[in-house]
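Chains, contacts and geometry: an overview
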Amino acid sequence: MTTNLTDPIFTDETKAREHFEDLRWPQGRVCPHCGTVGNSTLMQGATTRAGLYKCKDCRKPFTATMGTVYEKSHIPLHKWLLATHLLCSSKKGMSAHQLYRMLGFGSYRTAWFMAHRIREAMRPEGGDPMGGGGGPVEVDETFIGRDILNPPAPKAQFGIANMNKVLSLVDRTTGEARSFVVKDLRMATITPIIEANIAREAWLMTDEAVRYTSLGWNFAVHGIVNHSKGEYVSLEDGRITTNSVEGFYSIFKRGMRGIYQHCAGRHLHRYVAEFDFRYTNRIANGVDDTRRAALAVAGTVGKRLTYRQPYGHRSYGLHAARA
Ligand SMILES: [Zn+2]
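**Here's the deal with the sheet that holds strand β4 (residues 136-146)**
Spatially, the 5 strands line up as an open sheet ordered β6-β5-β4-β7-β8, and their pairing is mixed. Each of the sheet's edge strands pairs with one partner strand only, and the pair in question is β6 (177-182) and β8 (221-225). Direction aside, neighbouring strands of the sheet carry axes that sit 25 degrees apart on average. Relative to strand β5 (residues 163-171), β4 runs antiparallel, the two being bridged by 9 bridges. Bridged to D140 within β5 is S168. Each of β4, β5 and β6 touches helix α6 (residues 243-258); the most contacted strand, β4, lies at about 25 degrees to it. Sheet contacts for helix α7 (residues 268-280): β4, β5 and β6; angle to β6, the most-contacted strand, approximately 170 degrees.

This is how it looks when you write it as structure tokens:
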């Protein structure tokens, strides 16, 4: 880990606030009430809280953290920035226990809450279809942990029937990963996800599973590697492989087994978003630790992240939620 933990933004609340203002307003301060750019003034007074601005157009006060998870948080912004940096720069993730120790602040429960909010900020919103312009997109699925909402049939106690299922798409051109927690791997479940996220001109790359066979006709090319015959790169065409998505799963599974072994199924979509985010924004794609943390911090803007949201979230298992 190359995190510079001595950076003042991790220890000084004023420096943290200035850092966040730079990330949020790269083109000048924006009034969140009326949208006016660069026409506001810092409010100063003995009782005025730091970083409060007044819009000269609509006369309303605002801060940089307005509309973000930080706004009503009792946790200092510099601790949020530190937690975000730690979670972004550890390749396989970081347990809430470890985060708590490194933050030197709050409680295990606070660290757990912060980590989930940061994962939510890592979750992308929308995005263009992958493989636009005819690039290769690899698709694969994996099983992880037990699905407590889908108990196994008595005779299938040790089968994969009740394991959590994750479908992942990796665009080999952009290096982006998108993963989805799915209730099952039936064609009716995975087809809408694949059609919504992969351009028709893309080269689809999968293994030989039957679920992908007819799906392949929707794309320019469907390259198939025959894993059951030990084939990982097609002997006929070296471009046909699913090595990228398998590499992604190897990081994901090591992280989930090593650090997040107690992940409840209803939170899995957030862990999956965390691994997608770090994979997409990795060094090999030109994103260093500092930039990756800045992207995660910027991702808090516009997301409705309240304290209540992490509990009782039940989209998992009911439909194919975007992870
Ligand atoms: Zn305004």
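**Description of the coordination of the zinc ion**
Note on the zinc ion: its protein donors are C31 (SG), C34 (SG), C55 (SG) and C58 (SG). The metal-donor distances range over 2.3 Å. Note that the zinc ion binds 4 donor atoms; their angles at the metal cover 107 to 116 degrees, and the shape is tetrahedral. Read from N- to C-terminus, the donor residues coordinating the zinc ion fall into the pattern C-x2-C-x20-C-x2-C. With a gap of 21 residues between them, C34 in the loop between α1 (13-24) and β1 (40-42) and C55 in strand β2 (residues 53-55) connect regions that are remote in the sequence.

**Some words on the nonpolar core**
Counting residues in hydrophobic clusters, the biggest one holds 53 residues, and the most contacted among them are W80, L99, F252, M256 and L268. The element best represented in this core is helix α2 (residues 77-89), accounting for 8 residues. When near neighbours in sequence (up to four residues on either side) are disregarded, W80 contacts V69, Y70, S73, I75, F113, M114, R117 and I118. One finds L167, L169, I198 and A202 within the second-largest nonpolar core, a separate group that totals 18 residues.

**Brief notes about the sheet that holds strand β3 (residues 61-62)**
An order of β1-β2-β3 is seen for the 3 strands of this open sheet, with the pairing classed as antiparallel. The two strands at the open ends of the sheet, each matched to only one other strand, are β1 and β3.

Thresholds, definitions, all that
Per chain, the residues get numbers from 1 upward, laid out in the order the sequence is written. Reporting of local features is limited, given that this is a predicted model, to residues whose pLDDT is at least 70; pairs of side-chain atoms are given and counted only at 80 or more, and all residues count toward the totals for whole chains, interfaces and linings. Each side-chain value is worked out from all heavy atoms of the structure, with water and hydrogens disregarded. A pair of strands counts as paired when DSSP detects no fewer than two bridges linking them. Helix and strand definitions follow DSSP, with helices as H or I runs of at least four residues and strands as E runs of at least two, each counted in order from the N terminus. To obtain each axis, a line is fitted to C-alpha atoms, and for helices this fit is confined to the stretch in contact; angles are then taken between N-to-C directions over 0 to 180 degrees. When checking whether two residues touch, look at their non-hydrogen atoms; a contact exists if any pair is within 4.5 Å. Because no water is among the atoms considered, metal sites can look incomplete, with donors defined as N, O and S atoms within 2.8 Å of the metal, or 3.2 Å for Na, K and Ca. Just to be clear on the cut-offs, tetrahedral is four donors with all angles between 85 and 135 degrees, square planar is four donors and octahedral six with opposite donors over 155 degrees apart and all others between 65 and 115, and anything else goes down as irregular. We define the nonpolar core as a collection of buried residues of types Ala, Val, Leu, Ile, Met, Phe, Trp, Tyr and Cys that are connected through side-chain atoms lying within 4.5 Å of one another. Buried residues are those whose accessible area, probed at 1.4 Å on protein chains only, stays under 20% of the maximum for their type, while exposed residues exceed 50% and partly exposed ones sit between those limits.

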